[in-house]
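An overview of the molecular structure
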Amino acid sequence: NAGVTQTPKFRVLKTGQSMTLLCAQDMNHEYMYWYRQDPGMGLRLIHYSVGEGTTAKGEVPDGYNVSRLKKQNFLLGLESAAPSQTSVYFCASSYLGGDSPLHFGNGTRLTVT
Amino acid sequence: AQSVTQPDIHITVSEGASLELRCNYSYGATPYLFWYVQSPGQGLQLLLKYFSGDTLVQGIKGFEAEFKRSQSSFNLRKPSVHWSDAAEYFCAVGAGGKTSYDKVIFGPGTSLSVIP
């Protein structure tokens, strides 16, 4: 039982490049989330989805786009990477949303030079 | 807007000593509250949660937390800390729209060091 899987684990980008982070969950969860973690700031919500085909903005959505074409997958895209997007990105899923526990992936460490 | 504060950025305790990590939240409705723990290089793991009922909740690894509505607090405690408890601890609140709690908002975290 894999739970929540994030790919890739590490990535280095140059300013202006684009990339997509993939999150896959095998628990049939409706809700999926993308967070970024920076020192001293905890986890900040970028975008989230309450079901297949839906997306919504979180606390820090600028510079990111997401898609939820299939229930089990939630993609996070950076169209033109900036050094300020250097961070550790976590995907999470839950069964009922904010009133149920989150299941986290192991994170993607992204460096933008 | 919903928010979570954790006043202590870093705490150091001796092994065997008691521990209390503070958490305060701001939310207009009845909150859903969580504590998560993150070991170095890992994702987050749920320690415990509060939805309703008894305000003292028990979690894994010997942790407990007490919900105090009058103080908007949800402090995490452990009577005797083990060296393996050294980690980052995050308090979180379930937040969202009028009829559901769509989002989970996290506090900035408290880093715990344990002295042998």
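In case you missed it, the structure is sitting above this.
These notes cover the structure that comes with them. (Residues numbered from 1 in each chain as written. Chains lettered and ligands numbered in written order. Predicted model: local features only at pLDDT ≥ 70, side-chain atom pairs only at ≥ 80, totals over all residues. Heavy atoms only, no water.)

**Points about the state of the cysteines**
Joining two cysteines, a disulfide is a covalent bond between their sulfur atoms. Residues and elements named next belong to chain B. The final tally for this structure, using the stated rule, is two disulfides over all chains. With its sulfur 1.9 Å from that of its partner, C23 forms a disulfide with C91. With the S-S dihedral at roughly -65°, the linkage between C23 and C91 falls on the left-handed side. Here C91 lies in strand β10 (residues 87-95) and C23 lies in the loop between β3 (19-21) and β4 (24-26), a separation of 68 residues in the sequence. Comparing C23 with C91 shows no difference in burial state: the two are buried. (Disulfide = S-S within 2.5 Å. Helix = DSSP H or I, 4+ residues; strand = E, 2+ residues; numbered from the N terminus. Buried < 20%, exposed > 50% of the residue type's maximum accessible area, 1.4 Å probe, protein only.)

**So, the pairing of strand β3 (residues 19-25) of chain A**
All names here are of chain A. Burial of the side chains of β3 is restricted to one face: M19, L21, C23 and Q25 are buried, whereas none of T20, L22 and A24 on the reverse face is. As paired strands, β3 and strand β8 (residues 73-78) are joined by six bridges and run antiparallel to one another. When the bridges of β8 are listed, M19 appears paired with L78. (Pairing = 2+ DSSP bridges.)

**What about the interface of chain A and chain B?**
Contact with chain A, which involves 23 residues of that partner, is made by 21 residues of chain B. When chain A packs against chain B, close to 1700 Å² is buried across both sides, 59% of that on carbon and sulfur atoms. Where chain A touches chain B, the interface holds zero salt bridges. For the side of chain A that touches chain B, the elements supplying multiple residues, two or more each, are β4 (31-38) and β5 (42-49) of chain A. Its residues assigned to classes, the side of chain A that touches chain B comprises 13 nonpolar, eight polar and two charged. (Contact = heavy atoms within 4.5 Å. Buried area = accessible area lost by both parts, 1.4 Å probe. Salt bridge = Lys/Arg side-chain N within 4 Å of Asp/Glu carboxyl O. Nonpolar A, V, L, I, M, F, W, Y, C, P; charged D, E, K, R; others polar.)

**Describing the pairing of strand β11 (residues 103-106) of chain B**
Residue and element names in this part refer to chain B. A two-sided burial pattern is seen for β11, the buried positions comprising K103 and I105 on one face and V104 and F106 on the other. Relative to β11, β10 runs antiparallel, the two sharing four bridges. The residue bridging G94 from the neighbouring strand is V104, located in β11.

**Focus on the side chain of D38 of chain A**
All names here are of chain A. For D38, the position within the fold is in strand β4. Of note is the side chain of D38, whose polar atom sits 2.9 Å from the side chain of R36. If near-sequence neighbours (up to four positions away) are discounted, D38 is found in contact with R44, T86 and S87. (Polar contact = N/O pair within 3.5 Å; in protein donor to acceptor, adjacent residues only side chain to side chain.)

**Here we look at the environment of W83 of chain B**
As for its placement among the helices and strands, W83 of chain B is situated in the loop between β9 (73-78) and β10. Once the C-alpha coordinates of W83 of chain B and V57 of chain B are considered, the two residues, 26 residues apart in sequence, prove to be 23 Å apart.

**Focus: the environment of A86 of chain B**
Examined against the element boundaries, A86 of chain B turns out to sit in the loop between β9 and β10. Along the chain, A86 of chain B and V37 of chain B lie 49 residues apart, while their C-alpha atoms are 9.5 Å from each other.

**Remarks on the sheet that holds β8 of chain A**
Residues and elements named next belong to chain A. Reading across from one edge, β1-β3-β8-β7 is the order of the four strands in this open sheet, with antiparallel pairing throughout. Where the open sheet ends on each side, the last strands, each with one partner, are β1 (4-7) and β7 (65-67). On average, adjacent strands in this sheet sit at an angle of 20° to one another, irrespective of strand direction. (Axes fitted to C-alpha atoms, helices over the stretch in contact; angles between N-to-C directions.)

**A look at unusual backbone geometry**
In this model, T7 of chain A is joined to P8 of chain A through a cis peptide bond whose omega is -5°. The phi angle at N28 of chain A is positive, at roughly 60°, despite the residue not being glycine. Looking at the secondary structure, you find N28 of chain A in the loop between β3 and β4. Using a relative accessible area of 52% as the deciding quantity, one classes N28 of chain A as exposed. Backbone geometry at K61 of chain B places phi at a positive 60°, although glycine is not the residue there. Within the fold, K61 of chain B resides in the loop between β7 (56-58) and β8 (64-68). Classification of K61 of chain B as partly exposed rests on a relative accessible area of 45%.

**Some thoughts on the side chain of E64 of chain B**
Residues and elements named next belong to chain B. Positionally, E64 belongs in strand β8. Within the local environment of E64, its side chain forms a polar contact with the side chain of Q58, the two groups lying 3.2 Å apart. Not counting the four nearest positions on each side in its chain, E64 is found in contact with L48, L56, V57, Q58, N75, L76 and R77.

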